[in-house]
Amino acid sequence: MLAAELISKGRFAIQSERVAPAPSPGEVLLKMAYVGICGSDLHYFRQGAIGDQVIEYPFIIGHEAAAVVESVGGEVSSLKPGDMVVVNPAVSCGRCDQCVAGRPHTCRRLKFLGCPGQLEGCLQEYITMPAPNCFPVSEDIFPLGVLVEPLAIALYAAQLAGPITNKSLAVFGCGTIGLSLVYYASLQRPKKIVAADKVPERLRAARRFGAVWVGNPDAQDLVRELTLLEPEEFDYAFDCCGDQEALTQALSLLKPGGKLIIIGIPEKDTVFFDPHLLRRKEISIVNVRRQNNFFPAAIEFLQSHNEPLKSLVTHLFPLKETQKAFELCSRYEDGVIKAVITLG
């Protein structure tokens, strides 16, 4: 079968000699159809690691997937060949203290698709997954299935923040998660949503999705302009980019008692905060670890709002052009928001 292997930093090779796996009891064999390129994939592409999760080459990344069930293993009755599904990439054990406490996303034995030392990813024609990780979707939203995982993260982050109605929100980073947050929050009757990014097309999308102000940190003094716009400062700031400058700006713009919700993954191993500002304002910092059982909610939301959300998918590439796709995404060229690798 075909696979796009990451063979060194910044370099893919198309491999044709891999053998398709067979499903074990409780598993299904999936034929990949669409695989989204995520920010964490770009970290692996550029740096070969995220923190202490270091790639041993060759390795297959990718975890945002829509697929078709090819066959099912024993004990699987919930799915059948031909079913269209989206894939929850996090395989939890179901037995540890975290899973029992309703936190499968922080499972002690969690294995994640496309994560070094855990599971190889989706940039290959076939993979096997536990049946409970596969969620059937209708044919009309199937091509948008790559949006479900980032949308689930956005919905989970919004829940962790708290009530949005009549609240002011600042979103830093307008990739798929950031824009999903802007769109979802705009439906909750907020006081105000503002958004920042360095890609003009993403800022236009944020404006279209409900942001009343958008800005580029490379061209504007965000703190000065937003302080004038919202003198009483912001209730919530969502970091969706992992950038130190964005974290510093977010902290400056939060009101006393505000919340900083961190979703983005920094490229460096250490970030810093002004402890005096944190203390004086009594700022809460909330870290988001992927999504926590929000796949069903994300599928339902996508089903209801697929027309506006489909604009998030801006680029399609066949598997053989994976290198080109990652280079474009890594340089944030051509107004890319979500690039998708097609394997159908």
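Throughout, a residue's number is its position along its own chain's written sequence, starting from 1. A pLDDT threshold of at least 70 governs which residues receive local features in this predicted model, and a stricter bar of 80 or more applies before side-chain atom pairs are shown or counted, although totals over entire chains, interfaces and linings include all residues. Side-chain descriptors were evaluated using all non-hydrogen atoms of the structure, hydrogens and water having been removed beforehand.

Participant: Explain the overall build of the protein chain here, please?
Facilitator: Along the backbone of the protein chain there are eleven helices and 19 strands. With the radius of gyration taken over C-alpha atoms, the globule rule is written as 2.2 Å times the number of residues to the power 0.38. Relative to the globule expectation of 20 Å for 344 residues, the C-alpha radius of gyration of the protein chain, 20 Å, shows essentially globular dimensions. C-alpha extents for the protein chain along the principal axes are approximately 60 × 40 × 40 Å. Only protein chains enter the calculation, and the probe is 1.4 Å; a residue is then buried if its accessible area is under 20% of its type maximum, exposed if over 50%, and partly exposed in between. With 344 residues in all, the protein chain has 54% of them scored as buried. The criterion used for residue contact is that any of the two residues' heavy atoms lie within 4.5 Å. Considering only contacts within the protein chain whose residues lie at least 6 apart along the sequence, 70% involve residues at least 24 apart. Runs of E in the DSSP output that reach at least two residues are strands. Runs of H or I that reach at least four are helices, and both are numbered from the N terminus.

Participant: I tried to follow the layout of surface pockets on my own but got confused; where do I start?
Facilitator: One number sums up the size of the second largest pocket: a volume of about 290 Å³. Lining the second largest pocket are 16 residues, and of these Asn88, Ala90, Ser92, Pro132 and Asn133 sit closest to its centre. Those elements giving two or more residues to the lining of the second largest pocket turn out to be strand 8 (90-91) and helix 9 (295-304). Classifying every residue of the lining of the second largest pocket gives eight nonpolar, seven polar and one charged. Cavities and pockets were defined on a 1 Å grid built over protein atoms only: a cavity is a set of grid points that admits a 1.4 Å probe from which the probe cannot escape, a pocket is an open set flanked by protein on both sides within 12 Å along at least five of seven lines, and lining residues are those with an atom within 4 Å of any such point. Grid points are joined across faces, edges and corners, and a volume is the space filled by probe spheres set on the points. Under the scheme applied, nonpolar residues are Ala, Val, Leu, Ile, Met, Phe, Trp, Tyr, Cys and Pro; charged residues are Asp, Glu, Lys and Arg; polar residues are all the others, including Gly.

Participant: Teacher, can you tell me more about the nonpolar core here?
Facilitator: Side chains of a nonpolar character, in soluble globular proteins, are inclined to be buried together. Among the nonpolar cores identified, the biggest contains 55 residues, and Val86, Leu179, Phe238, Ile261, Ile263, Leu302 and Leu309 are the most heavily contacted of them. Counting residues per element, this core draws most heavily on helix 3 (residues 148-161), at ten residues. Remark: nonpolar core denotes a set of buried residues (Ala, Val, Leu, Ile, Met, Phe, Trp, Tyr, Cys) joined through side-chain atoms within 4.5 Å. If you look at the next biggest cluster of nonpolar residues, it comprises 50 residues, including Leu30, Ile50, Ala131 and Cys134.

Participant: Explain the packing of aromatic side chains to me, please; I cannot follow it from the model alone.
Facilitator: Each aromatic ring pair is specified by the distance between its two centres and by the angle formed by the two planes. To pair, rings of Phe, Tyr and Trp, with the six-membered ring standing in for Trp, must have centres within 6.5 Å; the planes then decide the type, stacked if under 30 degrees apart, edge-to-face if over 60, and tilted in the middle. For the coordinates displayed, the defined rule picks out ten aromatic pairs. Taken together, a centroid distance of 5.7 Å and an interplanar angle of 15° make the contact between Phe12 and Phe45 stacked. Of this pair, Phe12 sits in strand 2 (residues 11-15) while Phe45 sits in helix 1 (residues 39-47), and the two are 33 residues apart along the sequence. Each member of the pair, Phe12 as well as Phe45, is classed as buried. Look at Tyr184 and Phe301: their rings are 5.7 Å apart centre to centre, the planes differ by 65°, and that puts the pair in the edge-to-face class.

Participant: Would you mind going over the sheet that holds strand 16 (residues 254-262) with me for this structure?
Facilitator: Paired through their backbone hydrogen bonds, the strands of a sheet run either parallel or antiparallel. Two strands are said to pair when DSSP picks up at least two bridges between them. Sheet architecture is open: six strands sit in the order 14-13-12-15-16-17, paired in parallel fashion. A strand with exactly one partner marks an edge of an open sheet, and here the two such strands are strand 14 (213-215) and strand 17 (284-287). Strand-to-strand twist in this sheet, taken as the mean axis angle between neighbours without regard to direction, amounts to 15°. Direction of pairing for strand 16 relative to strand 17: parallel, over a ladder of four bridges. Across the sheet, residue Lys259 finds its bridge partner in strand 17, namely Ser284. In this analysis, axes come from line fits to C-alpha atoms, helices being fitted only over the stretch in contact, and the angle between any two N-to-C directions falls in the range 0 to 180 degrees. Helix 6 (residues 222-229) contacts strand 12 (168-172), strand 13 (192-196), strand 14 and strand 15 (234-239) of the sheet and is inclined by roughly 170° relative to strand 14.

Participant: Sorry if this is basic, but what is going on with unusual backbone geometry here?
Facilitator: Leave glycine aside and you will find that most residues have negative phi; peptide bonds, for their part, are mostly trans. The linkage connecting Tyr57 with the following residue, Pro58, adopts the cis geometry, with an omega of -5°. One non-glycine residue with positive phi stands out, namely Glu75, at about 75°. By the secondary structure assignment, Glu75 is in the loop between strand 6 (64-72) and strand 7 (84-87). A relative accessible area of 74% means that Glu75 is categorised as exposed. Positive phi is not limited to glycine here, since Arg189 has a value of about 60°. Among the structural elements, Arg189 can be located in the loop between helix 4 (176-186) and strand 13. Judged by its relative accessible area of 60%, Arg189 falls in the exposed class.

Participant: Before we go on, may I ask you to explain the packing of helix 3 against helix 9 in this structure?
Facilitator: For any two helices packed against each other, one specifies the crossing angle of their axes together with the interaxial distance. The contact between helix 3 and helix 9 brings their axes to 8 Å, and the two run at 110°. What the angle tells us is that helix 3 and helix 9 run roughly perpendicular. Where helix 3 approaches helix 9, its residues Val148, Glu149, Leu151, Ala152 and Leu155 are matched on the opposing element by Phe295, Ala297, Ala298, Ile299, Phe301 and Leu302. Here the residues of the contact of helix 3 with helix 9 are counted per class, giving ten nonpolar, no polar and one charged. By the definition adopted for this analysis, an angle is roughly parallel if under 35 degrees, roughly antiparallel if over 145, roughly perpendicular if from 65 to 115, and oblique otherwise.

Participant: Help me understand the packing of helix 1 against helix 11 (residues 322-330), please; the structure alone is not making it clear to me.
Facilitator: Between helix 1 and helix 11, whose axes approach to 10 Å, the crossing angle comes to 100°. When the axis of helix 1 is compared with that of helix 11, the two are roughly perpendicular. Counting all contacts with helix 1, which are made through Asp41, Leu42, Phe45 and Arg46, the residues of helix 11 involved are Gln323, Phe326, Glu327, Cys329 and Ser330. Class assignment for the residues of the contact of helix 1 with helix 11 results in four nonpolar, two polar and three charged.

Participant: How do you make sense of helix 9 when you look at a structure like this?
Facilitator: An α-helical segment advances 3.6 residues per turn. Residues three or four places apart therefore align on the same side. Every buried residue of helix 9 is listed here: Phe295, Ala298, Ile299, Phe301 and Leu302. Here the buried residues of helix 9 occupy an arc of 165° about the axis, which is enough to place them on one side. Turned more than 90 degrees from where helix 9 packs its buried face, Glu300 and Ser304 sit exposed. Those residues of helix 9 hidden inside the fold are in contact with strand 7, strand 11 (134-136), helix 3, helix 4 and helix 10 (306-309). Note: the arc covers the axis-to-C-beta directions of the helix.

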